[in-house]
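Listed below, chain by chain, are the residues.
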Amino acid sequence: MSELQQTALFDLHTGLGAKMVPFAGYAMPVQYPIGVLKEHLHCRTEAGLFDVSHMGQVIIRANSGNVTDAARALEALVPVDVLGLEAGRQRYGFFTNSAGGIEDDLMIANRGDHLLLVVNAACKDADFALMQAGMGDSCTLEMINGRSLLALQGPAAEAAFAQLVPSAAEMRFMDVAVVDWNGVELWVSRSGYTGEDGYEISVPDADAVRFAEALLAIEAVAPIGLGARDSLRLEAGLCLYGNDIDTTTTPIEASLNWAIQKVRRTGGERAGGFPGADRILAELTDGAARKRVGLRPEGRAPMRAGTVLFASETSDTPIGTVTSGGFGPTIEGPMSIGYVAKANATVGTVIYAELRGKRLPATISAMPFTAANFKR
Amino acid sequence: MKFTEEHEWLLAEGDVVIVGITEHAATQLGDLVFVELPEVGTEVSKDDEVVVIESVKAASDILAPLDGEIVEVNEALVDEPTKVNEDATGAGWMFKMKLADMSELDDLLDEDAYKALID
């Protein structure tokens, strides 16, 4: 792993007995000694601490000094209402390309006088280049180096974090704030990617180990690796960039219509004006030829990424493919995300997956597979 | 107890052998979430795929360690695959088989040889 980058918490992970694996160019913990299943369940019942420092944190400042100019510039790259995002609030979005595909998905926060983005590790350099090209004239971009990013997730996350920073309890889902912990400046959002309530916390690298240890010292908090992060986000029906969404899937195919606010849609005040708007707005009106759906296989066999889907036990023509799949420890059964033709995408439809030469039934299901537990 | 290079253990019990995967294999695979067992009565040849297991990470096949007939399977694993992680060489056994030639057991690895293999 000599060529892999390490986060500030690398030694903490190995000291906790983590199994480290390469992920997006970083050595990251895939699991700790208790294992993926127990980590997953711990996060759903108590609180889990995740190292997500590999993700990119980018600040956008308008050269005019006015955050609305940064928001306006960013709207040229995302089909999201950024101008309408109030100070202290965050929202999900995605960069689109001219074919309507998704270059990356991200979080956008309005921090009063600038925007803070959190982007995927594997895409961060490309995202930066894309933003530099698309808004470099009016804005100054800064890729944040020297800050770690931790996620604290689960029903006990609020009580745990409030032991260190009492004001964190007052934040609502998708609020962002800068808070002080013993003289250390923390950038906090009340969000995450597990379907649980919780926080994402940006902390200076120099203080990251001490902060993580302070959280881990709280009885309810356990470290959670990438393995459980994947099963948690899958149960929550959330997309993994590179699997469930990529440059060839449009937001409408990906069933992410909800993330495109009215103001950016046809008839809206700032309709279009983002890459691929023609296709994306047309699909919003007319529907897409395929849709991202949830799947609940019958039986216990997981249907993993790449599994081919058919309308019946005997038909020769595939109707789609699984893009993520595995076992859901909370739902105690297998679950998958995949794309199927529009005609087969209705919840309740039974379709068939080809698994080890056999056709096994699965039902199109609503997502999330587990109820979300956000503090709205 | 005997071992294969495919990380299976075999334990003779009268004229049948009990087969499972080693603790080392179970640890490497991670928590099992799915086990598909063969039908009792199936005649198998060495290296036939007899059991499909899936862990939280990936799917793997368990191969028949020797020629013989499947005479019993551990149905309890279907509902509780993690028994394999908890007790790989005990409650996590997978199937019992009647070997075509019991003496072939002698050609498999003993515990020291298996330990040397995984170290």
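Engineer: Hey, could you run me through the sheet that holds strand β14 (residues 221-223) of chain A in this one?
Structural biologist: As a general point, the strands of a sheet are linked pairwise by backbone hydrogen bonds and lie either parallel or antiparallel. Residues and elements named next belong to chain A. In spatial order, the strands read β11-β12-β13-β10-β4-β14; together these six strands make up an open sheet with mixed pairing. In this open sheet, the two strands that pair with only one neighbour each are β11 (176-181) and β14. Looking at each pair of strands side by side, their axes are set apart by 30° on average, direction ignored. Two elements, strand β12 (residues 184-189) and strand β13 (residues 198-204), share three bridges in a ladder whose sense is antiparallel.

Engineer: Mind showing me how you'd approach the nonpolar core here?
Structural biologist: Grouped burial of nonpolar side chains is what soluble globular proteins tend to show. All names here are of chain A. Judged by nonpolar contacts, the single largest core of 34 residues is most densely connected at Phe-50, Tyr-92, Phe-94, Ile-245 and Leu-256. Listed by contribution, the elements that provide at least two residues to this core are α2 (36-45), β6 (89-96), β7 (102-110), β10 (147-153), α7 (226-235) and α8 (277-286). A total of four residues in this core trace back to one element, the largest contributor, which is α8. If you look at the next biggest cluster of nonpolar residues, it comprises 29 residues, including Ala-156, Met-171, Val-203 and Ala-212.

Engineer: Help me out: how do you make sense of the packing of aromatic side chains in this one?
Structural biologist: Describing an aromatic ring pair means giving the distance of the ring centres and the angle of the ring planes. For the coordinates displayed, the defined rule picks out seven aromatic pairs over all chains. Arranged with centres 5.9 Å apart and planes meeting at 75°, the rings of A:Tyr92 and A:Phe94 form a pair that is edge-to-face. By the burial criterion, A:Tyr92 is buried, and A:Phe94 matches it. Ring centres of A:Tyr92 and A:Trp258 lie 5.5 Å apart, and the angle between their planes is 20°; this geometry places the pair in the stacked category. Of this pair, A:Tyr92 sits in strand β6 while A:Trp258 is found in the loop between α7 and α8, placing the two residues 166 residues apart along the sequence. Three or more aromatic residues link up through ring pairs in this structure, and these residues are A:Phe161, A:Trp181, A:Tyr199 and A:Phe211. Its end group placed over the ring of A:Trp187, A:Arg111 keeps NZ or CZ at 4.1 Å from the ring centre. Geometry around B:Trp93 places B:Lys96 over its ring, the cationic atom sitting 5.1 Å from the centre.

Engineer: Whenever I open this one, the environment of B:Lys2 confuses me. Can you help?
Structural biologist: Tracing the backbone shows B:Lys2 in strand β1 (residues 2-3). In contact with B:Lys2, not counting residues within four places along its chain, are B:Glu8, B:Trp9, B:Leu10, B:Leu105, B:Asp106, B:Leu108, B:Leu109 and B:Asp110.

Engineer: Please clarify how the interface of chain A and chain B should be interpreted in this entry.
Structural biologist: Bring the parts together and some accessible area is lost; that lost area is often taken as the interface size. With 12 residues of chain A at the contact, the number on the chain B side is 16 residues. For the pairing of chain A and chain B, the buried interface totals around 1200 Å² over both sides, and the portion due to carbon and sulfur atoms is 48%. Its largest share of buried area at the contact with chain B, chain A owes to A:Arg300, A:Arg304 and A:Arg356, together 47% of the area lost on that side. Put simply, chain A and chain B have three salt bridges between them. In this structure, the connection of chain A to chain B is made through eight residue pairs in polar contact (both at pLDDT 80 or more). Of the residues contributing to the side of chain A that touches chain B, the split by class is five nonpolar, two polar and five charged.

Scoring rules and cut-offs
- Residues numbered from 1 in each chain as written.
- Chains lettered and ligands numbered in written order.
- Predicted model: local features only at pLDDT ≥ 70, side-chain atom pairs only at ≥ 80, totals over all residues.
- Heavy atoms only, no water.
- Pairing = 2+ DSSP bridges.
- Helix = DSSP H or I, 4+ residues; strand = E, 2+ residues; numbered from the N terminus.
- Axes fitted to C-alpha atoms, helices over the stretch in contact; angles between N-to-C directions.
- Core = buried A, V, L, I, M, F, W, Y, C linked by side-chain atoms within 4.5 Å.
- Buried < 20%, exposed > 50% of the residue type's maximum accessible area, 1.4 Å probe, protein only.
- Phe/Tyr/Trp six-rings, centres within 6.5 Å; stacked < 30°, edge-to-face > 60°.
- Lys NZ or Arg CZ within 6 Å of the ring centre and 35° of its normal.
- Contact = heavy atoms within 4.5 Å.
- Buried area = accessible area lost by both parts, 1.4 Å probe.
- Salt bridge = Lys/Arg side-chain N within 4 Å of Asp/Glu carboxyl O.
- Polar contact = N/O pair within 3.5 Å; in protein donor to acceptor, adjacent residues only side chain to side chain.
- Nonpolar A, V, L, I, M, F, W, Y, C, P; charged D, E, K, R; others polar.

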